[in-house]
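Chains, contacts and geometry: an overview
Each chain is listed here by its residues.
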Amino acid sequence: MTKRKVLIIEDDLAFSTTLKNILVLNGYEADVANSGTAGIQRAYEGKPDLILCDIKMSPVNGYQVFNVLKDSSFTNRIPFIFITGKSDLREIRFGMELGVDDYIIKPFQNETLLRSIQVRIEKYEALISLGRSRYQAFVENSTNGIFLFSGDQIFEINPAFSRLMGCRQTDVTSLSIS
């Protein structure tokens, strides 16, 4: 099983190093971005399985980071957890109303953090798996011929395509589209 990737967006270098060490010691791959803008960039580049983000950063704060990532179809399903010293109930409510998956207040127990990460990643993986199975069912059961390709190489056809063209998967995957 591959290690799950967690992106830490935190401007406090000592705290981000501590978080990274906790995650690595517990079997995660961890990447750190020390600003909101760097975090947004790393989220797009690395497609993490989960994001931990501080709120109080400058010039781009955690709320802004979340909103940018939420508005992108590429990153909007990645579980997102705020880790912050802001413990005011209005702040917590505001974060949750934005749509974040969890809000963890500093200081916290490592077990609390790890359990939250595990639960969010399991939920994310279940959604991904459901999406894949629905997609696969759609392709397999479609009455339309469907073929998938990358570059100039066909790598998959559905049964309808096979019937329409009178060929097998192995016949087509060796062909090149030009």
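Preceding this paragraph is the structure being described.
Before going into details, it helps to say that this report is about the structure given with it.

Rules and cut-offs
Residues numbered from 1 in each chain as written. Predicted model: local features only at pLDDT ≥ 70, side-chain atom pairs only at ≥ 80, totals over all residues. Heavy atoms only, no water. Patch = residues over 30% accessible without salt bridge, like charges linked within 9 Å, V, L, I, M, F, W, Y side chains within 5 Å. Areas by Shrake-Rupley, 256 points an atom, 1.4 Å probe, with all protein chains shown as cover. Salt bridge = Lys/Arg side-chain N within 4 Å of Asp/Glu carboxyl O. Helix = DSSP H or I, 4+ residues; strand = E, 2+ residues; numbered from the N terminus. Buried < 20%, exposed > 50% of the residue type's maximum accessible area, 1.4 Å probe, protein only. Contact = heavy atoms within 4.5 Å.

**Focus: a nonpolar patch on the surface**
Together, Tyr-44, Val-68 and Phe-74 line one region of the surface with nonpolar side chains, adding up to about 250 Å² of accessible area. Mapped onto the secondary structure, Val-68 falls in helix 3 (residues 62–70). A relative accessible area of 37% places Val-68 in the partly exposed class.

**Topic: the side chain of Arg-120**
Its place among the elements puts Arg-120 in helix 5 (residues 110–141). The class for Arg-120 is buried, based on a relative accessible area of 19%. Ignoring anything within four residues of it in the chain, the contact list for Arg-120 reads Leu-50, Pro-79, Ile-81, Asp-101 and Asp-102.

**Structural notes on unusual backbone geometry**
With an omega of 0°, the peptide bond running from Ser-58 to Pro-59 counts as cis. Inspection of the secondary structure assignment puts Pro-59 in the loop between strand 3 (50–53) and helix 3. The omega torsion across Lys-106 and Pro-107 is -10°, close enough to zero to call that bond cis. Even without being glycine, Lys-47 reaches a positive phi, approximately 40°. Along the chain, Lys-47 turns up in the loop between helix 2 (36–46) and strand 3. On the basis of relative accessibility, which here comes to 33%, the residue Lys-47 falls in the partly exposed class.

Coordinates in, geometry out; function isn't part of it.
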